[in-house]
Amino acid sequence: MTAQHASEEVVDWSRIENRAPSVAALFLDRVAQSPGREAFRYVDPQEPERWRSITWSEVGDRVLNLAAGLIALGVQGEQRVALASSTRHEWALADLAVMCAGAATTTVYPTTKADDVAFIIADSSSRVVFAEDDSQLDKLRERREELGHVDKVVLIDGDPGNNDGWVITFEQLQDLGAELLAKEPEAVHQRIEAIKPDDLATLIYTSGTTGKPKGVRLSHSAWTYEVSAIDSTGFLDADDLQYLWLPLAHVFGKLLLTLPLQIGFATAIDGRVDKIVENLAVVRPTFMGAAPRIFEKAYARIVSMVREEGGPKEKIFDWAVGVGLSVSRAKQAGKTPSVFDSIQRTVADRLVYRTIRDRFGGRLKFFISGSAALNRDVAQWFDSVGIVILEGYGLSETSAATVVNRPSANQFGTVGWPVPGTEIQIADDGEVLIKGPGVMSGYHENPEATAEAITDDGWFRTGDIGELDDKGYLRITDRKKDMFKTSNGKYVAPSAIASTFKGICPYVGEIIVDGEGKSFCVALVSLDPEAIGEWAKQHGMGDKPLAEIANAQQTRNLIGGYIEELNATLNRWEQIKKFQILDRELTIENGEITPSMKLKRKVVMKNFSDALAGLYS
């Protein structure tokens, strides 16, 4: 790791300039180039502990049949097909089929409530909906009259039962396609050839924390640019193995699903969040994308277990991490570690680091962190034990990959350099502006919101505050709308404070800092159930529920100590004067966490408004 300048990066521009005209064409090229190579690895639904594999050729056959099935159902070019499912390999097959039919995928999170599902499907004018199972199908049946013009629902898992023909199975759609291809062998290829680079490929609806969600329109060209730009930097190749758990309705997950079409590596898919660490040890991938919460939880779990065990193991662990941090900091500063540190690191690797890396499969080249800010100290801790985390930055409106650190140029606390072909500018008020081929064409049938988001000369207003350093690295400091001003006129960046605290306290789930219009700041603190559970066992509360642990004075003293440590790093007006430990975990079901594990700050503040008010009473 060295503090290089972005202008020094070696880029193969031919990969960007000669990119495929559409995602569908990119897919056909991949099948032709790598027919016998593994495309996807997935968990056998009948034997959840067993992984099965499918080649690019086999994927090609299934996708062409599914695409032909959509054509047989009457789906036309750029018409929308909604996909409501968790992360699984059928999601990939369905999405690729939509691309090859010349249509556009409307992504729907499986956790989305029925009224929002109805709004998204109606607003997008989706004609067909892929539903994962009975729970997704029930939402559609419940709101059928509000869905607009949905001609068919394709059920991935389950039996549609006796119905009026509105619901068919995944297999029936493939059979429809096979029948069409028997009569018109070129039907799908003709659709693919007709796709123009600027045609709509994906409609991704933003989370909509205020008001109804907005549909982000992303073209084929946006996706082919993004994956070719990443490919042009050369830090991934066809021999890599990706582990993909992220929700594919999220732009980050969708990008990571499109990337193998460009590069050709295999992807192991399993959306079960509770199986991530277990699966990493089995799959042994070379890279994985994730939200910071995954790394924070892993860090907290490892550190808290060592702390509770104590004794010689804790002393060896602390020594090893200290050596690793010394080496990591030297490399960050562009210096060569001392001979003594290098020798110590070799010993520490044998005693500690290898065991930690083995928990993640032992073959990782790097993790990619996105979706929210990663604490610098957490990133450096992982680096100290030989696990690289490359933090990146992007939005639904910019097709995800906008800025990312590189394996050879990784600066902690920053989100890295723009991907080749994308420009970054900082506005007078500190807002990050983005221009490039990955920027959306606009919000679906919402010209007013589009005009607010994109300047007349094509710069997208991100809503994030940031700064560029003299080496070209971008640092994001906070969300513009989350920053608040105290009654003393001082600005506070709550996300930055939260990120700092997560690097200090291994027991925290989330911390929400408030103080808008007030004379001092307060905080709501949620606990990480696993980490605090380990601590509770050692303090006579192992059998207690989370609510009781949260309300215990011992726990308050514990978190209070970490709050004092946090305050020592903050300006006086930013310091937390009072805090409340929440008696439950923040959840996706309550709308407090997104499926990509990003905090919905305003929802939490609304749900716990009484607790916040009590801190000021």
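The coordinates are above.
The following refers to the structure shown. (Residues numbered from 1 in each chain as written. Predicted model: local features only at pLDDT ≥ 70, side-chain atom pairs only at ≥ 80, totals over all residues. Heavy atoms only, no water.)

A closer look at the overall build of the chain
Note the following rule: What counts as a helix is a DSSP run of H or I of at least four residues, what counts as a strand is a run of E of at least two, and both are numbered from the N terminus. When we talk radius of gyration, it's over C-alpha atoms, and the globule rule is simply 2.2 Å times the number of residues to the 0.38. Relative accessibility thresholds used throughout: buried, under 20% of the residue-type maximum; exposed, over 50%; partly exposed, between the two (1.4 Å probe, protein chains only). Any two residues whose heavy atoms approach within 4.5 Å at even a single point are treated as in contact. Accessible surface area values rest on a Shrake-Rupley calculation with a 1.4 Å probe, where residue burial reflects the displayed protein chains alone. The charge count treats Lys and Arg as positive and Asp and Glu as negative. His and the chain ends do not count. For charged residues, the charge sits on one atom: NZ in Lys, CZ in Arg, CG in Asp, CD in Glu.
Counting its regular elements, the chain contains 22 helices and 26 strands. By the compact-globule yardstick of 25 Å for 617 residues, the chain fits well, its C-alpha radius of gyration being 25 Å. Buried positions account for 58% of the 617 residues belonging to the chain. Sequence-distant contacts, at least 24 apart, represent 67% of the contacts inside the chain between residues at least 6 apart. In the form shown here, the chain has an accessible surface area of approximately 25100 Å², with 48% of it arising from carbon and sulfur atoms. Both charge centroids of the chain, one from 68 positive and one from 87 negative side chains, sit 4 Å from each other.

Regarding the packing of helix 2 (residues 23-33) against helix 9 (residues 220-233)
Using the following cut-off: Axis definition: a line fitted to C-alpha atoms, over the contacting stretch in the case of helices. Angles run 0 to 180 degrees between N-to-C directions. Orientation is classified from the angle alone, with under 35 degrees giving roughly parallel, over 145 giving roughly antiparallel, 65 to 115 giving roughly perpendicular, and any other angle giving oblique. Each residue is assigned to one class: nonpolar for Ala, Val, Leu, Ile, Met, Phe, Trp, Tyr, Cys and Pro, charged for Asp, Glu, Lys and Arg, and polar for all the others, Gly among them.
Interhelical geometry of helix 2 versus helix 9 gives an angle of 45° and a closest axis separation of 8 Å. For the element pair helix 2 / helix 9, the angle class is oblique. Contacts between helix 2 and helix 9 involve V23, A24 and L26 from the former and H220, W223, T224 and V227 from the latter. For the contact of helix 2 with helix 9, a count of residues per class yields five nonpolar, two polar and no charged.

Focus on the side chain of S126
Worth spelling out the cut-off: Contacts described as polar in this section are N or O atom pairs within 3.5 Å, which, within protein, must combine one atom able to donate a hydrogen with one able to accept it, while residues neighboring in sequence count only if both atoms come from side chains.
In this structure, S126 sits in the loop between helix 5 (114-124) and strand 5 (128-131). According to the relative accessible area criterion, S126 is buried, its value standing at 0%. A polar atom in the side chain of S126 sits 3.2 Å from the side chain of T106. Those residues in contact with S126 that lie beyond four places of it in its chain are R80, V81, A82, T106, I121, H149 and V150.

Regarding the pattern of salt bridges
Stated precisely, the cut-off is as follows: Salt bridge, as used here: a side-chain nitrogen of Lys or Arg that lies within 4 Å of a carboxyl oxygen of Asp or Glu.
With the rule as written, the count across this model stands at 38 salt bridges. The salt bridge involving K254 is made with D95; its shortest N-O contact spans 2.8 Å. Highlighted residues: K254 in helix 10 (residues 251-263) and D95 in helix 4 (residues 89-100), separated in sequence by 159 residues. Taking relative accessible area as the criterion, D95 reaches 3% and is therefore assigned buried. Among the ionic pairs, D318 bridges to R307, the shortest N-O distance being 3.0 Å. In this pair, D318 is assigned in helix 13 (residues 311-332) and R307 in helix 12 (residues 292-309), connecting sequence segments eleven residues apart. D318 gets classed as partly exposed once you look at its relative accessible area, which sits at 34%. Owing to a relative accessible area of 35%, R307 belongs among the partly exposed residues under this scheme. One salt-bridge network, in which partners are shared between bridges, spans R293, E296, K297, K502, E510 and D528.

With respect to the state of the cysteines
Rules: Criterion for a disulfide: a pair of cysteine sulfur atoms at a distance within 2.5 Å.
Counted by the stated rule, this structure contains zero disulfides. The cysteine C505 is free of any disulfide, with C521 supplying the nearest cysteine sulfur at 18 Å.

Describing the sheet that holds strand 3 (residues 80-84)
Quick note on the threshold: Any two strands with at least two DSSP bridges between them are considered paired.
The sheet built from eight strands is open, its strands ordered 7-6-5-3-4-8-9-19 with mixed pairing. At either margin of the open sheet sits one strand with a lone partner, and together these are strand 7 (167-169) and strand 19 (442-443). Pairing of strand 4 (residues 104-108) with strand 8 (residues 200-205) involves three bridges; the strand directions are parallel. Residue T106 lies in a different strand from strand 8, and its bridge partner there is L203. Set on the sheet, helix 5 makes contact with strand 3, strand 4, strand 5 and strand 8; between it and strand 8 the angle comes to about 150°.

Description of the packing of aromatic side chains
The geometry of an aromatic ring pair comes down to the distance between the two centres and the angle between the two planes. Our working definition: Aromatic rings from Phe, Tyr and Trp, with only the six-membered ring used for Trp, were paired whenever their centres fell within 6.5 Å, and each pair was classed as stacked if the ring planes differed by under 30 degrees, edge-to-face if by over 60, and tilted otherwise. Lysine and arginine charges are scored as sitting over a ring when NZ or CZ, respectively, is within 6 Å of the ring centre and within 35 degrees of the ring normal.
Overall, the coordinates contain 15 aromatic pairs when judged by the stated rule. Ring centres 5.3 Å apart and planes at 85° place the aromatic pair F265 and F287 in the edge-to-face group. Taken together, the residues F265 in the loop between helix 10 and strand 11 (266-269) and F287 in strand 12 (residues 287-290) connect sequence positions 22 residues apart. In this structure F287 comes out as buried when scored by relative accessible area, which is 0%. Connected via pairs of aromatic rings, a cluster forms that spans F295, Y299, F317, F360, F367, W381 and F382. The ring of W166 carries R144 above its face, with NZ or CZ at 4.0 Å from the centroid. Positioned above the aromatic ring of Y443, the side-chain terminus of K214 is 5.0 Å from the ring centre.

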